[in-house]
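In case you want the letters, here they are:
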Amino acid sequence: MAWSDRLREAEVEPSLYAGDFARLGEQIEELLGAGVRVFHYDVGDGHFVEPIIIGPIVLQSIGGLIHDGGGRVDVHLMVESPERHFGAFRDAGADSVTFHYEAVANVAAVAGAAREHGLGVGVALKPKTPVDEVAEAAIAVGADLVLCMSIEPGYSGQRFMPEAFERLRRLRELLPAAMRLQVDGGVNRDNIRAARDAGANLLVAATAVFGEGAPAEAYRGLVDALA
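Read on for an overview of the structure. (Residues numbered from 1 in each chain as written. Predicted model: local features only at pLDDT ≥ 70, side-chain atom pairs only at ≥ 80, totals over all residues. Heavy atoms only, no water.)

**Brief notes about the overall build of the protein chain**
Okay, so step 1: Scanning the protein chain from terminus to terminus reveals nine helices and nine strands.
Okay, so step 2: Relative to the 2.2 N^0.38 estimate, which gives 17 Å for 227 residues, the radius of gyration of the protein chain is 16 Å and therefore close to what a compact globule would have.
Okay, so step 3: Expressed along its principal axes, the backbone C-alpha trace of the protein chain runs to roughly 40 × 35 × 35 Å.
Okay, so step 4: Looking at the 227 residues of the protein chain, the share that counts as buried comes to 56%.
Okay, so step 5: Contacts in the protein chain between residues at least 24 apart in sequence constitute 68% of all its contacts with a sequence separation of at least 6. (Helix = DSSP H or I, 4+ residues; strand = E, 2+ residues; numbered from the N terminus. Rg over C-alpha atoms; globule rule 2.2 N^0.38 Å. Buried < 20%, exposed > 50% of the residue type's maximum accessible area, 1.4 Å probe, protein only. Contact = heavy atoms within 4.5 Å.)

Below, the structure written as structure tokens:
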């Protein structure tokens, strides 16, 4: 079964990077109960992005909980040499891995390594990377998704860059209809519908889910705004 088989036409993905790590399991259960089907899991290595962000050990502690609740784990690797980590994340509970176009020399080789581990494949691009280049590379390797960053990767809480709307529209024009288009960074109730209208169908939300104190309620508010 492909990692995305149970996903709906459009999904709001809570980004666990913004969660309360003292209550992370509890918050995940609340969100699964509210209807979440896929969680976004950010990883930073301190090189490709400045901060060091959670690794496979944390995922190992929650991956079973997510899967038992019918959810999926979508890992965003903001790291150099991402292929070195595919096995560890698969074993910890990842269903898909998204690596950055800017971080690899051979997109096809890295995508192939992910598939060897039974993982879905995503290709991410930073805000200033030409969208046409990434679309061509993603199509060539048959990626499951393309991740268009709407902030500079690495830090939660940044504002959505308005120019991302046009980048999303261009990517949606270029990509096959079956290839998912993800947006990550500053997504909230005020812009989520516009991002969907621009073509995104995987909408990552961090502070907009976890920053209000009631993640399940905030998630349902985003779903309502999306509809």
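Still more to cover.
**Section: the pairing of strand S5 (residues 96–100)**
Along a regular strand, successive side chains alternate from one face of the sheet to the other.
Okay, so step 1: Of all five residues that make up S5, five are buried, and the element is covered over most of its length.
Okay, so step 2: In terms of handedness, the path from strand S4 (residues 72–78) via helix H3 (residues 86–92) over to S5 forms a crossover that is right-handed.
Okay, so step 3: When S5 meets strand S6 (residues 120–125), the two strands line up parallel, connected through five bridges. Note that in S6 the partner of His100 across the bridge is Ala124.
Okay, so step 4: Where the polypeptide runs from S5 across helix H4 (residues 107–116) and back to S6, its parallel neighbour, the crossover connection is right-handed. (Right-handed = clockwise from strand over helix to strand, strands pointing away. Pairing = 2+ DSSP bridges.)

**Re the side chain of Gln182**
Okay, so step 1: Relative to the elements of secondary structure, Gln182 occurs in strand S8 (residues 180–184).
Okay, so step 2: Given a relative accessible area of 0%, Gln182 falls into the buried group.
Okay, so step 3: Of note is the side chain of Gln182, whose polar atom sits 2.7 Å from the side chain of Asp74.
Okay, so step 4: Here Gln182 is in contact with Glu13, His40, Asp74, Leu145, Val146, Leu147, Cys148, Leu168, Leu202 and Val204, once residues within four sequence places are set aside. (Polar contact = N/O pair within 3.5 Å; in protein donor to acceptor, adjacent residues only side chain to side chain.)

**Here's the deal with the environment of Arg180**
Okay, so step 1: Along the polypeptide, Arg180 turns up in strand S8.
Okay, so step 2: Between the C-alpha atoms of Arg180 and Leu65, which are 115 residues apart in sequence, the distance is 25 Å.

**Describing the pairing of strand S7 (residues 145–149)**
Okay, so step 1: Across the five residues that make up S7, a large majority, five, are buried.
Okay, so step 2: Side chains Leu145, Leu147 and Met149 project from S7 onto one buried face, and the interleaved Val146 and Cys148 project onto a second face that is buried too.
Okay, so step 3: Once the chain exits S6 it traverses helix H5 (residues 131–141) before rejoining the sheet at S7, and the crossover so formed is right-handed.

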